[in-house]
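# Notes for the structure review
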Amino acid sequence: MYKNCDFIQNINDELWLTEKEGENLTLSYRLKEIIYEENSPIQHILIVDSYDFGRMLVLDGIVQTTEKDGFVYNEMICHIPLSLHPNAKNVLIIGGGDCGVLKELSKYPSLNEIHMVEIDKSVVEASLKYLKGVSGGKIDKKVTLFFEDGIKFIQDKKGYYDVIIIDSSDPLGQAEALFEKDFYKSVYEALKPDGIMSCQSESPIYYSDVLKNSYDSIKELFPLVKLYSATIPTYPGSFWTFTIGSKKYNTVARDDFSLDTKYVNKNIINTCFNNAEFIENLINS
Ligand code: SAM
């Protein structure tokens, strides 16, 4: 067992991280070394270097992002809503402590203001210092960071943001309410009359109940709702979804997408809302 956690084990001189995905599933990664560990007032923070996925951010034993596949998630949750909005100026990230979404947003010179509200300052500090492959190691001048609960932060923001990106951990503990209808309602109210939100909506295979609840709640609030997916190997089931709630825009505004990205391109943007039959059946049931 490593210092403060039972999910790191030394087995025959090999260091292993074992992530518990649920009652009946674990996923283990062989590690080169532990880079950083902290018990913040909010959660246990770990940055490790793994053989197969490079550096990884692990919060309370759950892998959040890695140097090897984090770009898929960060690009998809960011560039799809930004492609739908023709003239986004003010953007808010809720959560996002690894700073990977901030790095993607810094690719838009047209943005005026980028806010990020993250409950745990230590995650941001550790990611900027030890997880540069994801965070980029620095923050754009347009960014203002708020270290508080995103649920409270959003309650008094009315009609301010063009795009809100909910980059939360899984629905446990302090992140649980970030998947509930009351919270999505506050997000709706914090958006301008033509605003767009995106959020991660978990695995359609492993957490289809979370996906369905989240999708249905957003559908009850927003006139337009869209689901899209991507393959992210370090998330349970590998197959991950994102949901968009839009007040006005339904079709892609930036058909000329040419940002410096590794996953999202014009073809992905134009086809990502084509979902597999079982997903269509799930969200339309
Ligand atoms: N991409 C990752 C994933 O899907 O697992 C998550 C990225 S990011 C590390 C998630 C962040 O959400 C964490 O840093 C966590 O501290 C933050 N968070 C959780 N609950 C929050 C809340 N209520 N308000 C603001 N931030 C929150």
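Residues numbered from 1 in each chain as written. Predicted model: local features only at pLDDT ≥ 70, side-chain atom pairs only at ≥ 80, totals over all residues. Heavy atoms only, no water.

### Focus: the sheet that holds strand β5 (residues 54-59)
The six strands lie next to each other as β1-β2-β3-β4-β5-β6, forming an open sheet whose pairing is antiparallel. Of all the strands in the sheet, just β1 (8-11) and β6 (62-66) have a single pairing partner and so form its edges. The sheet shows a mean angle of 45° between the axes of neighbouring strands, direction not considered. In terms of strand pairing, β5 meets β6 through four bridges, oriented antiparallel. Across the sheet, residue Val58 finds its bridge partner in β6, namely Val63. Packed on one face of the sheet, helix α3 (residues 121-130) meets β3 (26-39), β4 (44-50) and β5 and runs near 20° to β4. (Pairing = 2+ DSSP bridges. Helix = DSSP H or I, 4+ residues; strand = E, 2+ residues; numbered from the N terminus. Axes fitted to C-alpha atoms, helices over the stretch in contact; angles between N-to-C directions. Contact = heavy atoms within 4.5 Å.)

### Here's the deal with the UniProt feature "active site" (unreviewed entry) in the protein
Summarizing the sequence annotation, UniProt attributes the feature "active site" (unreviewed entry) to Asp167 in the numbering used throughout. Within the fold, Asp167 resides in strand β10 (residues 161-167). Overall, Asp167 belongs to the buried group, its relative accessible area being 7%. Residues in contact with Asp167, not counting those within four places in the same chain, are Tyr73, Asn74, Ile77, Ile93, Ile94, Gly95, Gly96, Asp98 and Val101. (UniProt positions renumbered as here; feature names shortened; annotations may be inferred. Buried < 20%, exposed > 50% of the residue type's maximum accessible area, 1.4 Å probe, protein only.)

### Section: the pattern of salt bridges
In this structure the tally under the stated criterion is ten salt bridges. In this structure, Asp216 and Lys212 form a salt bridge, with 3.2 Å as the shortest nitrogen-oxygen distance. On the criterion of helical spacing, the pair formed by Asp216 and Lys212 is a turn pair, its members being four residues apart in helix α7 (residues 208-221). Residue classification places Asp216 among the partly exposed positions, given a relative accessible area of 25%. Each of Lys158, Lys185 and Glu189 takes part in one network of salt bridges that share partners. (Salt bridge = Lys/Arg side-chain N within 4 Å of Asp/Glu carboxyl O.)

### Quick look at a nonpolar patch on the surface
Nonpolar side chains collect at one region of the surface, where Leu25, Ile205, Tyr206 and Phe278 lie side by side and expose about 360 Å² of accessible area between them. Considering the arrangement of structural elements, one finds Leu25 in the loop between β2 (14-20) and β3. (Patch = residues over 30% accessible without salt bridge, like charges linked within 9 Å, V, L, I, M, F, W, Y side chains within 5 Å. Areas by Shrake-Rupley, 256 points an atom, 1.4 Å probe, with all protein chains shown as cover.)

### Description of the domain arrangement of the protein
Once the domains are mapped, the protein shows domain 1 (8-66) and domain 2 (70-283). Spacing between the C-alpha centres of domain 1 and domain 2 amounts to 24 Å. Taken together, the contact pairs 23 residues of domain 1 with 21 residues of domain 2. Carbon and sulfur atoms supply 59% of the area that domain 1 and domain 2 bury against each other, a total of about 1900 Å² over both sides. Where domain 1 packs against domain 2, one counts zero salt bridges. (Domains from an automatic or database assignment. Buried area = accessible area lost by both parts, 1.4 Å probe.)

### Considering the site of the ligand
Residues in contact with the ligand amount to 26 residues; listed here are only the nearest, Gln43, Glu118, Asp149, Gly150 and Gln174. Between the ligand and Gln43, the relevant distance is 3.0 Å, taken from an oxygen atom to a side-chain nitrogen or oxygen of the residue. Bound to the protein, the ligand loses 99% of the 600 Å² it would expose on its own. Put simply, the ligand lies in the largest cavity. Partitioning the shell around the ligand into residue classes produces ten nonpolar, ten polar and six charged. Residues from two domains meet in the shell around the ligand; each of domain 1 (8-66) and domain 2 (70-283) gives at least three. (Near = heavy atom within 4 Å. Polar contact = N/O pair within 3.5 Å; in protein donor to acceptor, adjacent residues only side chain to side chain. 1 Å grid on protein atoms, 1.4 Å probe; cavity = no way out; pocket = protein on both sides within 12 Å on 5 of 7 lines; lining within 4 Å. Sits in = over half its atoms within 2 Å of the grid points. Nonpolar A, V, L, I, M, F, W, Y, C, P; charged D, E, K, R; others polar.)

### Focus on the UniProt feature "domain: PABS" (unreviewed entry) in the protein
As annotated in UniProt, the feature "domain: PABS" (unreviewed entry) corresponds to residues 14-247 in the numbering used here. Across residues 14-247, helical content stands at 28% and strand content at 37%; the span's end C-alpha atoms are separated by 51 Å.

### Here's the deal with the nonpolar core
Counting 68 residues, the largest nonpolar core has Ile94, Leu105 and Ile164 as its most contacted members. The biggest single contributor to this core is helix α1 (residues 70-84), with eight residues. Beyond its immediate stretch of four places on either side in the chain, Ile164 contacts Leu92, Ile94, Ile154, Val187, Ala190, Leu191, Ile196, Met197 and Ser198. One finds Ile8, Ile34, Val58 and Val63 within the second-largest nonpolar core, a separate group that totals 13 residues. (Core = buried A, V, L, I, M, F, W, Y, C linked by side-chain atoms within 4.5 Å.)

### Regarding the sheet that holds strand β13 (residues 239-246)
Strand pairing in a sheet takes place through backbone hydrogen bonds and is either antiparallel or parallel in direction. Taking strand neighbours across the sheet as the criterion, the seven strands line up as β9-β8-β7-β10-β11-β13-β12 in an open arrangement whose pairing is mixed. Strands with a single pairing partner mark the edges of an open sheet, and in this sheet they are β9 (143-146) and β12 (224-231). Recorded for the sheet is a direction-independent mean angle of 15° between the axes of neighbouring strands. Packed on one face of the sheet, α1 meets β10, β11 (191-200), β12 and β13 and runs near 160° to β10. Contacts from α7 reach β11, β12 and β13 within the one sheet, and its direction differs from that of β13 by about 10°.

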